[in-house]
Amino acid sequence: MRVIGIDPGLRSTGWGILESNGGMLSHLGNGQFSSSGENLAERLHSIFQQLTTVVADYSPDYAAVENTFVNKDSAGALKLGHARAVALIVPSIAGLPVAEYAPNNIKKSVTGSGHAEKSQIERVVRMQFPSAEIAGSDAADALATALAHILRLQYSRSLDAAISRVVC
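Just so it is clear, the model here is predicted, and its values are computed rather than measured.

### Considerations on the overall build of the protein
Per the secondary structure count, the protein includes five helices and five strands. Helices (α) and strands (β) of the protein occur, in sequence order from the N terminus, as β-β-β-α-β-α-β-α-α-α. A globule of 168 residues ought to have a C-alpha radius of gyration of about 15 Å, and the protein, at 16 Å, matches this closely. Residue burial in the protein is summarised as follows: out of 168 residues, 40% are buried. Pairs at least 24 apart in sequence give 62% of the contacts found in the protein among residues at least 6 apart. In the structure as shown, the protein presents an accessible area of about 9,000 Å², 52% of it carried by carbon and sulfur atoms. The distance from the centre of the 14 positive side-chain charges to the centre of the 15 negative ones in the protein is 7 Å.

Right, dumping it as structure tokens:
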């Protein structure tokens, strides 16, 4: 099972690819790309093109996207929502099932605390994949998103198996 995690952003979008094979986790790649262009449409198009290339290069089976964190700046949140829409559309166009996760759920899955600091998430991701060169904090967040999705899928499969044993 190969999962792309995406941490959408208008200035910097993080991505990370993890693979789970028989319970073994592997880091396949990560990065962050900046959107280029002077206006919003050009920046969104840049994100679209770069993310499309990553999805084509790695052929993931699933996508996991971090929900936006809404703060006091409603105009900023709206613009971030546009970048998030691109992060949802690109994997959908590729035919991938797309899951969305709240930042607190990702933090809880990866660190054990829903209120972990960004630095704690990055530290845990670096410990989990010590040989990986992590491109930055947005890439670390994307890898954490992919990891949270893999853990959720593994839990769901274990639960389904346990229920089927009881029912049979």
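### What to know about the sheet that holds strand S1 (residues 2-7)
Taking strand neighbours across the sheet as the criterion, the five strands line up as S3-S2-S1-S4-S5 in an open arrangement whose pairing is mixed. Because the sheet does not close on itself, it has two edges, and the strands there are strand S3 (24-34) and strand S5 (98-101). Neighbouring strand axes in the sheet, compared pairwise and without regard to direction, differ in orientation by 20° on average. Across four bridges, strand S4 (residues 62-66) lies against S5 in parallel orientation. Bridge pairing links Glu66 to Tyr101 in S5.

Quick notes on the rules
- Residues numbered from 1 in each chain as written.
- Predicted model: local features only at pLDDT ≥ 70, side-chain atom pairs only at ≥ 80, totals over all residues.
- Heavy atoms only, no water.
- Helix = DSSP H or I, 4+ residues; strand = E, 2+ residues; numbered from the N terminus.
- Rg over C-alpha atoms; globule rule 2.2 N^0.38 Å.
- Buried < 20%, exposed > 50% of the residue type's maximum accessible area, 1.4 Å probe, protein only.
- Contact = heavy atoms within 4.5 Å.
- Areas by Shrake-Rupley, 256 points an atom, 1.4 Å probe, with all protein chains shown as cover.
- Lys, Arg positive; Asp, Glu negative; His and termini not counted.
- Charge placed at Lys NZ, Arg CZ, Asp CG, Glu CD.
- Pairing = 2+ DSSP bridges.
- Axes fitted to C-alpha atoms, helices over the stretch in contact; angles between N-to-C directions.

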